[in-house]
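Coordinate analysis (summary)
Below, each chain spelled out in residue letters.
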Amino acid sequence: MKNTFLDLLAQQYDSEEKVVTEIINLEAILDLPKGTEHFVSDLHGEYQAFQHVLRNGSGKVKEKIRDRFSNELSEDEITEFATLVYYPEEKIQLIKSNFANKKELNEWYIEKIGHLIQLISHASSKYTRSKLRKALPKQFVYIIEELLYKTDELTNKKYYYRKIVEQIISLDQADKLIIGLAYTTQRLVVDHLHVVGDIYDRGPEPDKIMDTLINYHSVDIQWGNHDVLWLGAYSGSKVCLANIIRICARYDNLDIIEDAYGINLRPLVNLAEKYYGDNPSFRPKRHSGKAITDEEQLQITKIHQAIAMIQFKLEMPIIKRHPNFNMSKRLLLEKVDYEKNEITLHGETYPLENTCFATVDPEKPGKLLEEEKQVIDKLLFSVQHSEKLARHMRFLMKKGSLYLKYNGNLLIHGCIPIDEQGNMEEMKIEGKAYAGRELLDIFEHFLRQAFANPEKTDNLATDMVWYLWTGEHSSLFGKREMTTFERYFIADKKTHKERKNPYYYLRENEETCHKILQEFDLDPAQGHIINGHTPVKEVEGENPIKANGKLVVIDGGFSKAYQPTTGIAGYTLLYNSYGMQLVAHKHFNSKQEVLHNGNDVLSVKRLVDKELQRKKVRETNVGEELLQEIAMLKSLLEYRYMK
């Protein structure tokens, strides 16, 4: 088998010289500094804010500009140049309108092309020429390489280089070149992007975020609880689908369902109009700046009730067929006294308000009406036949995982389920107990199984995907129970409380973090846990850097709904060859404010961990892959060319 593989490899490297050259090249790459990793989390559909953070590399772009031009440009000029790199198309149009004549504009072109060439040279200093070439705009590769690697500028070739730029301008290609150079700079500043969960939920444009990620040069995703909900719906879970539509109705985001993904809500609207009226508990939460008529609000309120009741009913058979889920206390429709309009929970009786039980049979509260069955079946058909959603879900599955071990760190959206003593919590599935890493692995196994069999809508795999959304041992939910029903119908707020897994207070403890890192075969002395999921309440003094730097919470805070609670717009993380740096963000208002006023969204940067020695590619995941390639090439050299 090994010889067969080497024979195949020899077709690519068909001479001794080619093999030797590639070994030398790969060995040299191992000693380059590692590239910059950019960590973001909890994007929650906030496309505009995410775009800005992506374009400015959480401040890395301006940092590179300042490093290169601090002695040549003023701070205002650096800000102006940075904005050109972030939004080249729009900034060029703004700037062009300020010039009185073509000569002045041409001089600006010459200056900015020169600055961008110098910036790319600086930003690419730790990359090979081959990697840089792949990052350049294809139509200008030859021209840019000539300008990047220019020699003898003061004598023989001075006018040659000037002529290149002048010809670019005269042929009306300057705008395209500047745009291409700006995007190349963005790509070079960040080598790899980690999205630590929750692309979906609340914000209005998760589909645009997905399109951006699909086109991004290097990315991985750790699924969040809301991402898994969407994956579950596409995989055939009707209860996951009901949750998605309910949440979109709650936050006045049904446009995502209808307009972005083309899913027909008319059958649900007809059902809602037939059985439901106005209800204050189900009115949508309003967006600042988004107008909504009274008629639209009423329709969303009705839809919200209709899908919530379908969801509550769909949950019940899942809970009953899986006693190991330990969720019998969530069979709340069976605990309601429909005559007295009250419910008994944990030994206490509470009055119910704003109820909407028109489709509930008190004798069989979990039974769907025939109309409800038809509605959810039609919705599922529409979801599974949305071409755009299929493309996004396939990408999410291809690039995603429940956790990732990358360059010695553990990336996970939610938590590792543990008990009060810090031990890994066990869950029995099909008679076998799972805990820690094994539990997350079996969760992911079922999710992938459900995704591979979307025609199966009520098997163990789809039920496990829903459990990931709401179960007590789920690494994504991280709480003992989800009190959705109580929040709608019970005024007493003590019933709304959702107890968190002990992980969320024990993660402050360095020993706990060490134990978790060891569970995933990572070095506790060097590794970190990178978390999303829970907004950091900086306004109350909470520190996102926990356990003496072993754990970092980077809930991006992109969701505007969380920002009054947190006091900021969240955090992102940068990890380059020198160490880790946490970046706090101010609220992002608009692209126009950045373009016109140069207002960025960064605030304080905090050092998480500084490398004692500059980290090289050799010490990374990429380095491990390169070492394997080198070993194979050396075997080929010995097998074919050194006999």
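See above for the structure.
The model shown is predicted, which means the values in this text are computed figures rather than measured ones.

Some remarks on the sheet that holds strand 5 (residues 342-345)
As summarised here, the arrangement of the 3 strands in space is 4-5-6, forming an open sheet in which the pairing is antiparallel. Single-partner strands in this sheet number two, and they are strand 4 (336-337) and strand 6 (348-351).

Examining helix 11 (residues 174-189)
Look at helix 11: 23 Å from first C-alpha to last across 16 residues, which is about the 22 Å you get at 1.5 Å a residue. Across the 16 residues of helix 11, 12 count as buried, placing the element largely inside the fold. What helix 11 keeps buried is the set Ala174, Asp175, Leu177, Ile178, Gly180, Leu181, Ala182, Thr184, Thr185, Gln186, Leu188 and Val189.

Concerning the side chain of glutamate 472
By secondary structure assignment, the location of glutamate 472 is in the loop between helix 21 (460-470) and helix 22 (484-489). Buried charge without a partner: glutamate 472 forms no salt bridge, and the closest opposite charge is arginine 480, 4.3 Å away. Within the structure, the side chain of glutamate 472 is placed 2.7 Å from the side chain of asparagine 326, a separation counted as a polar contact. If we skip the residues at most four places from it in the chain, glutamate 472 touches Phe325, Asn326, Glu425, Tyr467, Lys479, Arg480 and Asn501.

Concerning empty space enclosed by the protein
Evaluated as defined, the whole model comprises 4 cavities of 30 Å³ or more. In this structure, the largest cavity is lined by 17 residues; those nearest its centre are Gln311, Phe312, Glu315, Arg330 and Met482. Among the secondary structure elements, those contributing two or more residues to the lining of the largest cavity are helix 17 (294-321), helix 21 and helix 22. With 5 residues, the single largest contributor to the lining of the largest cavity is helix 17. Quantified by volume, the second largest cavity comes out at close to 90 Å³.

Considerations on unusual backbone geometry
Positive phi is not limited to glycine here, since histidine 44 has a value of about 50°. Summarising the element assignment, histidine 44 is placed in the loop between strand 1 (37-40) and helix 3 (47-56). Overall, the relative accessible area of 2% leaves histidine 44 in the buried class. Even without being glycine, aspartate 252 reaches a positive phi, approximately 50°.

Describing the pattern of salt bridges
Enumeration over the complete set of coordinates arrives at 37 salt bridges. Put simply, glutamate 37 and lysine 34 hold a salt bridge, and the shortest N to O gap is 3.0 Å. In this pair, the class of glutamate 37 matches that of lysine 34, namely buried. Of the charged contacts in the structure, one is a salt bridge between arginine 162 and glutamate 166, with a shortest N-O distance of 3.0 Å. Highlighted residues: arginine 162 and glutamate 166, both in helix 10 (residues 158-170), separated by 4 residues, approximately one helical turn. A cluster of three or more residues bridged by salt bridges with shared partners is formed by Asp31, Lys616 and Arg618.

Some thoughts on the state of the cysteines
Enumeration over the complete set of coordinates arrives at 0 disulfides. Among the cysteines around cysteine 248, which has no disulfide bond, cysteine 240 carries the closest sulfur, lying 13 Å off. On the accessibility criterion, cysteine 248 (7% relative accessible area) is buried. Here cysteine 513 stays unpaired: no disulfide links it, and the sulfur of cysteine 415, its closest cysteine neighbor, is 13 Å away.

Brief notes about the pairing of strand 16 (residues 579-585)
The buried count for strand 16 comes to 6 of 7 residues, which makes it a mostly enclosed element. Pairing geometry for strand 15 (residues 571-576) and strand 16, over 6 bridges, is antiparallel. The residue of strand 16 that forms the bridge with leucine 574 is glutamine 581. In this structure, the hairpin formed by strand 15 and strand 16 is closed by a connection of 2 residues.

With respect to the sheet that holds strand 8 (residues 403-406)
On the basis of which strands lie adjacent, the open sheet formed by 5 strands has the order 8-9-12-14-13 and mixed pairing. In this open sheet, the two edge strands, each paired with only one partner strand, are strand 8 and strand 13 (545-546). Examined bridge by bridge, strand 13 and strand 14 (residues 551-553) share 2 bridges and lie antiparallel to one another. Bridging across to strand 14, lysine 546 finds its partner in leucine 551.

Criteria and cut-off values
Residues numbered from 1 in each chain as written. Predicted model: local features only at pLDDT ≥ 70, side-chain atom pairs only at ≥ 80, totals over all residues. Heavy atoms only, no water. Pairing = 2+ DSSP bridges. Helix = DSSP H or I, 4+ residues; strand = E, 2+ residues; numbered from the N terminus. Expected span 1.5 Å × (residues − 1). Buried < 20%, exposed > 50% of the residue type's maximum accessible area, 1.4 Å probe, protein only. Lys, Arg positive; Asp, Glu negative; His and termini not counted. Salt bridge = Lys/Arg side-chain N within 4 Å of Asp/Glu carboxyl O. Polar contact = N/O pair within 3.5 Å; in protein donor to acceptor, adjacent residues only side chain to side chain. Contact = heavy atoms within 4.5 Å. 1 Å grid on protein atoms, 1.4 Å probe; cavity = no way out; pocket = protein on both sides within 12 Å on 5 of 7 lines; lining within 4 Å. Points joined across faces, edges and corners; volume = space filled by probe spheres on them. Disulfide = S-S within 2.5 Å.

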